[in-house]
Amino acid sequence: MSRLDLKNGSVEMVHGSGGRAMGQLIEELFARALRNQWLDQRNDQAQFELPPGRVVMATDSHVISPLFFPGGDIGSLAVHGTINDVAMAGARPCYLAAGFILEEGFPLADLARIVESMAAAAREAGVPVVTGDTKVVERGKGDGVFITTTGVGVVPAGLHLSGDQARPGDCILLSGSIGDHGVTILSLREGLGFEADIGSDSQALHGLVAAMVEAVPQIRCLRDPTRGGLGNTLNELARQSGVGMQLVERAIPLREPVRAACEFLGLDPLYVANEGKLIAICPAEQAERLLAVMREHPQGREAAIIGTVVADERRFVQMETLFGGSRMVDWLNGEQLPRIC
Amino acid sequence: MCLAIPVRIEELLDEQSAVACIGGLRKTINVALLDDLKVGDYVILHVGFALQKLDETEAQRTLALLAELGQLAEAEQGEAP
Amino acid sequence: MKYVDEFRDGATARQLAARLAAEADPARAYRLMEFCGGHTHAIFRYGIPDLLPANVRLIHGPGCPVCVMPIGRLDMAIELARRPEVILCTYGDMLRVPASGRVSLLKARAEGAAVRMLYSPVEALKLAQDNPNKEVVFFAIGFETTTPPTALVIEQAQRLGLKNFSVFCNHVLTPAAMHAILATPEARAGALQLDGFIGPAHVSTVIGSAPYAPFPEQYGTPLVIAGFEPLDLLQALLMLVRQLNEGRAEVENQFTRAVTAEGNRKAKALTERVFELRESFEWRGLGAVPHSALQIREAFAAFDAERRFALEPRTGLENKACECPAILRGAKSPRDCRLFGNPCTPDNPLGSCMVSSEGACAAWYAYGRQRQGAVEVAR
């Protein structure tokens, strides 16, 4: 059997049928890039020990378009996203699984690029992809490639982070600027196209999390504001904990080009997706310490205290505007759309 | 209605198009509705079209007036807000 | 961002608010309508109502082209989109507006209709060029700010000799709508009690300040054209309060950096070339208003979707309890609608005021509903 044509070849139905062709795809593309002791065994499952602690598991599906963007691609996003979901429990992520649904006709060159990117992200994070699966669907039935990643990790004893733990008086911290990822994706859409010094902020945050929970184990909860942005994520937390929130607009880090893009598209940066930021809620007494620890870490240099948790039966998230006036930060239903009015 | 924003003309491409800049962001826009544009002019941008030039002298005048009104208010209150 | 941030300065805003409080006469109320939906949005986004003295009240006008579009016109757009040969292009604002039977363009798309969102009408031209076997229809909405771009694109289509491009025109006119507000049943009965207008920012950059002259003359209402930023609005409010205190009724221009008496002559001429007045147009909330909307001229008939597709006018079905019409007239406030908040929310909008991000209901819900007890209506 001749080698896969990774330059000009494309995915075919036969690559998903469990026979030699699929074996070749795994061998020459997936396993070659993602190489580690578990994948090298070529079993349908991976066996491993976990360090002591409570086990945490999270899963994420990735259907993003476009597949490639400044700052990342669907592959690195898939790795970072699931590592972060696990890390938001205060956990150390240990292993990843990755499932691929490929569309017939998808270029192998693109697939190789995506898988190599995943491999690099996994290596950099120290979290290997130990098992996976591939299926192929007919042309027209998939958007190029869909990736699902599942992650497993452990939480050390003594940590109880959860979205229902926020209490009135707690401080709300944010690890860095908002809107970078969502605006990057939008900038690639035709017509909306603009050039700017922006890129996706996609990154694995478990290193930052480890530093944070070690210094302040009393953290109530962590969450990363992905789809739906800061505004929606805070509303989720407010609802879960049965509290209200008061934010300070002035304190929220926002890069200039992101702000400009939101202005001319009529978007509120509070609702634009982020892929490399986290929200932390902690008791007020620990807030300054937590902030200092975050700022010492490369992923938290722009961290800021952005608000406080308050008692509020209505569970409203409100914000003191740059003016000193007050506005609601509502829980949006669907995604924000650019507007002309 | 009419979400529009002032942008700076960075480069004139031809009679119809120009490159505009705001907050570090560059975009190609349609300038067919305006005449005599120069690099450095500010225009109001709406749905990808420049609709009107911004008069910078007037802008400064308005800002000065706002500041003056503000100072009056401060003076009346007898202390800075 | 230059010429934006300076006009959003918080410290100056507080000072202006203090000035306003000092000059507003405690013995009277000031009921001021901001016509433009973009102003409504800005007012709530920056929490301006919090800065105003209690006797200065803002009434939200119908300057939201999404809100005033009668359901029947949206039904026509959805019908067009459902035709297999059509790709309907629309601004994002219209995608979620519910039409008859609670269908929206977004729902129609989910059911298989070809609906594309665009930022600029130029994209529609490109789509037509890239899809010669399809009929590309641009769903044009907006007041006078948005009309010249549509005109340009129609002329461009003619120059390019495009055979598969047309526009479904729903452009509407500001002065006509403002007249209509002052002629509503509530207004005639003396129940509206509108003391002054804040004139739109960007519409005025195109039409100039001259078209507003009749308002003070005919109705005795002062009008101040305000820029788009919060300091512009506060300054304009101060100017209106001063006019009322001094018994003046004039057109004043706060937005001098972008609005002249004449506006943009080239844009106006272009609009004139491509469009003409409709005899009458149905506005949600205002009923049939004469000479308030535009249609495409005969010379460009090939690009008129209504003619090209022989579209039948439709009368849409409105929810009977929906108070959008009264809210758009400034006669009622969102809180007066018994559907507001339950079941009508941005999640589940029953009327257009709740869908459009600058509709009074959506703005109130999204930004202001935590302010219990605040009522912004003139009775």
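Focus on the overall build of chain C
For step 1, the next point in the chain: Across its full length, chain C carries 17 helices and 13 strands.
For step 2, the next point in the chain: Structurally, chain C occupies a C-alpha span of about 65 × 45 × 40 Å along its principal axes.
For step 3, the next point in the chain: Pairs at least 24 residues apart make up 78% of the contacts formed inside chain C by residues separated by at least 6 positions.

Observations concerning the overall build of chain A
For step 1, the next point in the chain: Scanning chain A for helices and strands turns up nine helices and 14 strands.
For step 2, the next point in the chain: Radius of gyration (C-alpha) of chain A: 21 Å, near the 20 Å computed for a compact globule of 341 residues.
For step 3, the next point in the chain: Expressed as lengths along the three principal axes of its C-alpha atoms, the size of chain A is roughly 70 × 55 × 35 Å.
For step 4, the next point in the chain: Within the span of chain A, comprising 341 residues, buried residues form 51% of the whole.
For step 5, the next point in the chain: When contacts within chain A are restricted to residue pairs at least 6 apart in sequence, those whose partners lie at least 24 apart make up 85%.

Quick word on the sheet that holds strand 1 (residues 54-62) of chain A
Residue and element names in this part refer to chain A.
For step 1, the next point in the chain: Read across the open sheet, the four strands follow the order 1-6-4-5; overall the sheet is mixed. Unpaired on one side and paired on the other, strand 1 and strand 5 (129-137) mark the two borders of the sheet. Each neighbouring strand pair of the sheet contributes to a mean axis angle of 15°, computed without reference to strand direction.
For step 2, the next point in the chain: Summarising the sheet, strand 4 (residues 92-103) and strand 5 pair through eight bridges and their orientation is parallel. By the bridge assignment, Ile101 is partnered in strand 5 with Lys135.
For step 3, the next point in the chain: Docked against the sheet, helix 3 (residues 74-87) engages strand 1, strand 4 and strand 6 (145-155), running at close to 150° with respect to strand 1.

Here we look at the interface of chain B and chain A
For step 1, the next point in the chain: In this complex, chain B contributes twelve residues to the contact, which on the side of chain A involves 15 residues.
For step 2, the next point in the chain: It is strand 3 (residues 25-30) of chain B that provides the largest number of residues to the side of chain B that touches chain A, a total of three residues.
For step 3, the next point in the chain: Residue composition of the side of chain B that touches chain A, grouped by class: eight nonpolar, two polar and two charged.
For step 4, the next point in the chain: Pairing geometry for strand 8 (residues 195-196) of chain A and strand 3 of chain B, over two bridges, is antiparallel. Along strand 3 of chain B, the bridge assignment pairs Glu195 of chain A with Arg26 of chain B.

Quick word on the nonpolar core
For step 1, the next point in the chain: The biggest cluster of nonpolar side chains holds 265 residues, and the ones touching the most others in it are Met118 and Leu173 of chain A together with Ala81 and Leu88 of chain C.
For step 2, the next point in the chain: Examining the composition of this core, we find that ten residues originate from one element, helix 12 (residues 230-245) of chain C, more than from any other.
For step 3, the next point in the chain: Residues within four places of Leu173 of chain A in sequence aside, it is in contact with Ala280, Cys282, Ala287, Leu290, Leu291, Met294, Ala303, Ala304, Ile305 and Ile306 of chain A.

Brief notes about the interface of chain B and chain C
For step 1, the next point in the chain: On the chain C side, the residues contacting the 37 residues of chain B number 43 residues.
For step 2, the next point in the chain: For the side of chain B that touches chain C, the elements supplying multiple residues, two or more each, are strand 1 (5-12), strand 4 (42-46), strand 5 (49-53) and helix 1 (56-77) of chain B.
For step 3, the next point in the chain: Looking at which element gives the most residues to the side of chain B that touches chain C, the answer is helix 1 of chain B, with 13 residues.
For step 4, the next point in the chain: Taken together, the residues of the side of chain B that touches chain C sort by class into 24 nonpolar, eight polar and five charged.

Observations concerning the sheet that holds strand 4 (residues 115-118) of chain C
Residues and elements named next belong to chain C.
For step 1, the next point in the chain: Strand order in the open sheet formed by four strands is 4-3-5-6, and the pairing between neighbours is parallel. Every other strand in the sheet has two partners, leaving strand 4 and strand 6 (165-171) as the edge strands with one partner each. Averaged over all neighbouring strand pairs, the angle between strand axes comes to 25°, with direction disregarded.
For step 2, the next point in the chain: With four bridges joining them, strand 3 (residues 86-91) and strand 5 (residues 135-142) adopt parallel strand pairing. For Ile87, the partnering residue across the bridge sits in strand 5 and is Val136.
For step 3, the next point in the chain: Contacts from helix 4 (residues 71-82) reach strand 3, strand 4, strand 5 and strand 6, with the element oriented near 140° to strand 3.

With respect to the environment of Tyr271 of chain A
Residue and element names in this part refer to chain A.
For step 1, the next point in the chain: The residue Tyr271 is located in the loop between helix 8 (256-265) and strand 11 (279-282) in this model.
For step 2, the next point in the chain: By the C-beta count within 10 Å, which is 24 here, Tyr271 ends up buried.
For step 3, the next point in the chain: Placed 233 residues apart in sequence, Tyr271 and Trp38 show a C-alpha to C-alpha distance of 40 Å.
For step 4, the next point in the chain: Apart from the residues within four sequence positions on either side, Tyr271 is in contact with Gly228, Gly229, Gly231, Asn232, Leu332 and Gln336.

Considerations on the packing of helix 5 (residues 180-187) of chain A against helix 8 of chain A
Residue and element names in this part refer to chain A.
For step 1, the next point in the chain: Contact geometry for helix 5 and helix 8: axes closest at 10 Å, N-to-C directions at 60°. Overall, the two elements helix 5 and helix 8 adopt an arrangement that is oblique. The interaxial crossing formed by helix 5 with helix 8 has left-handed handedness. Contacts between helix 5 and helix 8 pair Asp180, Val183, Leu186 and Ser187 from the former with Val258, Ala261, Cys262 and Leu265 from the latter.
For step 2, the next point in the chain: Here the residues of the contact of helix 5 with helix 8 are counted per class, giving six nonpolar, one polar and one charged.

What to know about helix 13 (residues 265-274) of chain C
For step 1, the next point in the chain: Taken as a whole, helix 13 of chain C has its buried residues at Ala267, Leu270, Thr271 and Val274 of chain C. Taken around the axis of helix 13 of chain C, the buried residues stretch over an arc of 100°, which confines them to a single face. In this structure, helix 13 of chain C carries Ala269 and Glu272 of chain C as exposed residues pointing more than 90 degrees from its buried face.
For step 2, the next point in the chain: Each element contacted by the buried residues of helix 13 of chain C is listed here: strand 5 of chain B together with helix 7 (147-160), helix 10 (202-207), strand 10 (275-277) and strand 13 (294-296) of chain C.

Thoughts on unusual backbone geometry
For step 1, the next point in the chain: Residues Ser65 of chain A and Pro66 of chain A are joined by a peptide bond in cis, for which omega reads 5°.
For step 2, the next point in the chain: Looking at where Pro66 of chain A falls in the secondary structure, it is placed in the loop between strand 1 and strand 2 (68-69).
For step 3, the next point in the chain: Of note, Val47 of chain B is a non-glycine position whose phi angle comes to about 40°, a positive value.
For step 4, the next point in the chain: The residue Val47 of chain B is located in the loop between strand 4 and strand 5 in this model.
For step 5, the next point in the chain: The exposure class assigned to Val47 of chain B is buried, which follows from the 25 C-beta atoms found within 10 Å.

Considerations on the domain arrangement of chain C
How big an interface is tends to be expressed through the accessible area that disappears when the partners come together.
All names here are of chain C.
For step 1, the next point in the chain: Split into domains, chain C comes out as domain 1 (5-64 + 178-253) and domain 2 (67-174 + 263-308).
For step 2, the next point in the chain: The distance between the C-alpha centroids of domain 1 and domain 2 comes to 31 Å.
For step 3, the next point in the chain: In this complex, domain 1 contributes 15 residues to the contact, which on the side of domain 2 involves 15 residues.
For step 4, the next point in the chain: Broken down by element, the residue count for the side of domain 1 that touches domain 2 peaks at five residues, all from helix 10.
For step 5, the next point in the chain: Of the residues that constitute the side of domain 1 that touches domain 2, the class distribution is nine nonpolar, six polar and no charged.

Topic: helix 4 of chain C
Residues and elements named next belong to chain C.
For step 1, the next point in the chain: For helix 4, with twelve residues, the first-to-last C-alpha span of 16 Å sits near the 16 Å given by 1.5 Å per residue.
For step 2, the next point in the chain: What helix 4 keeps buried is the set Ile71, Arg73, Leu74, Asp75, Met76, Ala77, Ile78, Leu80 and Ala81.
For step 3, the next point in the chain: Looking at the buried residues of helix 4, the elements they touch are strand 3, helix 5 (105-110), strand 4, strand 5, strand 6 and helix 14 (305-308).

As for the confidence of the model for chain C
For step 1, the next point in the chain: Chain-level statistics for chain C give a pLDDT mean of 90 and a share of 97% at 70 or above.
For step 2, the next point in the chain: Every residue in residues 373-379 of chain C is under pLDDT 50, and counting partners more than four places away or in other chains gives 18 contacts.

Here we look at the domain arrangement of chain A
All names here are of chain A.
For step 1, the next point in the chain: What the domain assignment lists for chain A is domain 1 (13-155) and domain 2 (171-328).
For step 2, the next point in the chain: Centre-to-centre, using C-alpha coordinates, domain 1 lies 27 Å away from domain 2.
For step 3, the next point in the chain: Taken residue by residue, the interface counts 17 residues in domain 1 and 21 residues in domain 2.
For step 4, the next point in the chain: The set of elements that each furnish at least two residues to the side of domain 1 that touches domain 2 consists of helix 3 and strand 4.

The rules behind the values
- Residues numbered from 1 in each chain as written.
- Chains lettered and ligands numbered in written order.
- Predicted model: local features only at pLDDT ≥ 70, side-chain atom pairs only at ≥ 80, totals over all residues.
- Helix = DSSP H or I, 4+ residues; strand = E, 2+ residues; numbered from the N terminus.
- Contact = placed C-beta atoms within 7 Å.
- Rg over C-alpha atoms; globule rule 2.2 N^0.38 Å.
- Buried ≥ 20, exposed ≤ 12 C-beta atoms within 10 Å, placed from the backbone.
- Pairing = 2+ DSSP bridges.
- Axes fitted to C-alpha atoms, helices over the stretch in contact; angles between N-to-C directions.
- Nonpolar A, V, L, I, M, F, W, Y, C, P; charged D, E, K, R; others polar.
- Core = buried A, V, L, I, M, F, W, Y, C linked by C-beta atoms within 7 Å.
- Parallel < 35°, antiparallel > 145°, perpendicular 65-115°, else oblique.
- Left-handed = near helix turned anticlockwise from the far one by under 90°.
- Arc of directions from axis to C-beta.
- Domains from an automatic or database assignment.
- Expected span 1.5 Å × (residues − 1).
- pLDDT = per-residue confidence, 0-100.

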